Amino acid sequence: MNTRQLRLSAAAVLILAAFTVQLSAQDASVSYLEGEPELRRSDGSMEWLDYGGFASPGESIITGSFDYVELSQGDEATIRIQSDTIYTVREVNRDGRRETVLSTAAGSVSFRFNRLSGREPRIGTETAVAGVRGTEVTVYSGPDGSSLFLVESGLVEVSSGGESVELAENEGVEVPVGRAPGEKFSIIGREIDFSSWSAGRIDDFLSDPVAALDRIEIQLQSFSRDADEWYERAEAAEAVSDAAREELGKIEGAEEQAKYREETWLPLVEQTSAAVLNYRYNALSALSLRRYSLSSLYMEMKSRNILDPAPEYGEFVARYNELREKFGGMFDEYLEDTDL
Amino acid sequence: MKNKNRVWGVAALLVLLLTISACSTVPPAQREDRIVQLLAELDTAEPARLLELSATPFLLDGEILAREADVGTMWANLREAGFRFDDASVVTVAAVSADSYVRVEDTRNVRVYFDRYLPEGAGVVEITTVHGSFLVLTGDKVGRIPRIFGFAGPR
């Protein structure tokens, strides 16, 4: 890790700590569970999830093949995490506001928001996010990085690749990785379940494995551009903030110092914090795509071709290795070992 | 005669203690006989047992499989493809050390996996099969058999 990143990370930790009390109000805690689901802490450690437990920003709930978790947020929200799912809570700064993103990194999660409020969280997958209003929605995240949103009630605006589509009651949309949302469709009379949808995504992948990696690269490039941009902003903001802090030290008089601190220095610190939050958000989203999609696709190809490789297997492995190399170049400096 | 018997008795006791001590200091994940049992069972076990014998996260070559479902799919696909650890013989068994990860792959991903997920007493096992040689990561135990944490190969 280089020194510059270290300084920015330290700043992020300090500022995130300052927001901890405010964020805890948004945590939904375990009201019911089955099996032995685990909680992955932001420091990378794992522990069993229990009643009353919750995932804070930077943390994930991981369910196994026979697990199920239900989180409740008072009367406001219920989140149902199905088996073989990875549910993450992240934060991003959007339009100057810190937002919580409840993400289905892999598998299937259903959300029910019982009443309208000014700051409902955003939901989504690693590659598509959605704003919600009084909503009951299920989000699937497929092995190839695709997403599927199924709305039972309320309104959902799904965004990906710079484009958005608004879903109303009984509507759904699929979002291919690295692309804009597809055409929305009615879910009335359609039996859609995660395992059959996921199997369809795998069939699609197997029909052209290299094309699937190309789509993942498009998405990774998008995360990389955003991460680079926010990192540069963070560096610039930190330089200005450092200068302001030095200036603060020179000011005489407690009242003048407090005024400068409140009106000049703290807003600059918040700017730095927002930029750090956003480059980390993009890097972590990219890591999730690598961890839960790229690894899954590699496993599918390797395990099917271990004895008699199909003609396309060699090309797939070459492209896969190239993509892994590029991933390192794009994101290694933004990620800590504890993220992996 | 009485003294001679006493000496033999003490010697026998020492041998017994040394044997017990050796057994208790080699973790199951590094014991060749237990590893062979694991490999044999991986070739025949039912899906639920395969998951029981496998750690999650699981290291496949340089990739970390984070979901139990992916580990289950991997075993199902391998079985479907006709893969088995046929005629496996253990070539070397080594305890995990700080730079063992390089034997699998010299990448950050694999280093972090070794640091974070391999338990104390884990082993890096080199085996040969009719399909080539593999590195198998073992650790922990399920009953008397070690759990498989990952494999890389064939090489």
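Keep in mind that what you see is a predicted model, and the values were worked out from it rather than measured.

Colleague: Give me the lowdown on the environment of A:A283, citing residues and values where you can.
Modeller: Residue and element names in this part refer to chain A. Structurally, A283 is set in helix α4 (residues 254–305). In this structure, the C-alpha to C-alpha distance between A283 and F223, residues 60 residues apart in sequence, is 6.7 Å. Residues within four places of A283 in sequence aside, it is in contact with F331, Y334 and L335.

Colleague: How would you sum up empty space enclosed by the protein? Please name residues and give values.
Modeller: Residues and elements named next belong to chain B. Enumeration according to the criterion identifies three cavities of 30 Å³ or more in this entry. By volume, the largest cavity is sized at about 70 Å³. Elements with a minimum of two residues in the lining of the largest cavity: α2 (32–44) and α4 (68–80). A per-element tally of the lining of the largest cavity places α4 first, with three residues. Taken together, the residues that form the lining of the largest cavity break down as six nonpolar, no polar and three charged.

Colleague: If you had to explain the side chain of B:S100 to someone new, which residues and values would you point to?
Modeller: Residues and elements named next belong to chain B. Its place among the elements puts S100 in the loop between β3 (89–95) and α5 (101–104). Owing to a relative accessible area of 7%, S100 belongs among the buried residues under this scheme. Look past the residues within four positions of S100 in its chain and what remains in contact with it is A95, F114 and V124.

Colleague: I'd like to hear about the interface of chain A and chain B, residue by residue, with values.
Modeller: It is common to report an interface's size as the accessible area lost on association of the parts. Each partner contributes residues to the interface: chain A has 33 residues there, and chain B has 31 residues. By the criterion of area lost to chain B, the three top residues of chain A are A:M299, A:I306 and A:L307, representing 21% of everything that side buries. Here chain A is connected to chain B by six salt bridges. Among the ionic pairs, B:E105 bridges to A:R324, the shortest N-O distance being 2.9 Å. On inspection of chain A and its partner chain B, the count reaches 19 residue pairs in polar contact (both at pLDDT 80 or more). Of all elements in the fold, only β8 (97–113), α4 and α5 (311–331) of chain A reach the threshold of two or more residues within the side of chain A that touches chain B. Counting residues per element, the side of chain A that touches chain B draws most heavily on α4(A), at 11 residues. For the side of chain A that touches chain B, the residue count by class is 13 nonpolar, eight polar and 12 charged.

Colleague: Report on the pattern of salt bridges, specifying residues and quantitative values.
Modeller: Residue and element names in this part refer to chain A. Taken as a whole, this structure holds 36 salt bridges over all chains when the rule is applied. With a shortest N-O distance of 2.9 Å, E59 and R41 are connected by a salt bridge. Pair noted here: E59 is in the loop between β3 (46–48) and β4 (60–62) and R41 is in the loop between β2 (38–40) and β3, with a separation of 18 residues, a long-range link. Of the charged contacts in the structure, one is a salt bridge between D204 and R201, with a shortest N-O distance of 3.1 Å. Residue D204 and its partner R201 are located together in helix α2 (residues 194–207), separated by three residues, close to a single helical turn. Relative accessible area serves as the criterion here: at 13%, R201 is assigned to the buried category.

Colleague: Got a sec to walk through the sheet that holds β3(B)? Specific residues and values, please.
Modeller: Here six strands make up an open sheet; going across it, the order is β2-β1-β6-β5-β4-β3 (chain B) and the pairing mixed. Looking at strand neighbours, the two that pair on one side only are β2 (63–65) and β3 of chain B, the edges of this open sheet. On average, each strand axis in the sheet is tilted by 30° relative to the strand beside it, whichever way the strands run. Bridge analysis of strand β1 (residues 54–60) of chain B against β2(B) gives three bridges, and the strand direction is antiparallel. Bridging from a neighbouring strand, B:F58 pairs with B:L65 of β2(B). Of the strands in this sheet, β1 and β2 of chain B are in contact with α4(A), which crosses β2(B) at around 100°. Sheet strands touched by α2(B): β3, β4 (123–129), β5 (132–142) and β6 (145–152) of chain B. Its angle to β6(B), the strand with the most contacts, is close to 70°.

Quick notes on the rules
Residues numbered from 1 in each chain as written. Chains lettered and ligands numbered in written order. Predicted model: local features only at pLDDT ≥ 70, side-chain atom pairs only at ≥ 80, totals over all residues. Heavy atoms only, no water. Helix = DSSP H or I, 4+ residues; strand = E, 2+ residues; numbered from the N terminus. Contact = heavy atoms within 4.5 Å. 1 Å grid on protein atoms, 1.4 Å probe; cavity = no way out; pocket = protein on both sides within 12 Å on 5 of 7 lines; lining within 4 Å. Points joined across faces, edges and corners; volume = space filled by probe spheres on them. Nonpolar A, V, L, I, M, F, W, Y, C, P; charged D, E, K, R; others polar. Buried < 20%, exposed > 50% of the residue type's maximum accessible area, 1.4 Å probe, protein only. Buried area = accessible area lost by both parts, 1.4 Å probe. Salt bridge = Lys/Arg side-chain N within 4 Å of Asp/Glu carboxyl O. Polar contact = N/O pair within 3.5 Å; in protein donor to acceptor, adjacent residues only side chain to side chain. Pairing = 2+ DSSP bridges. Axes fitted to C-alpha atoms, helices over the stretch in contact; angles between N-to-C directions.

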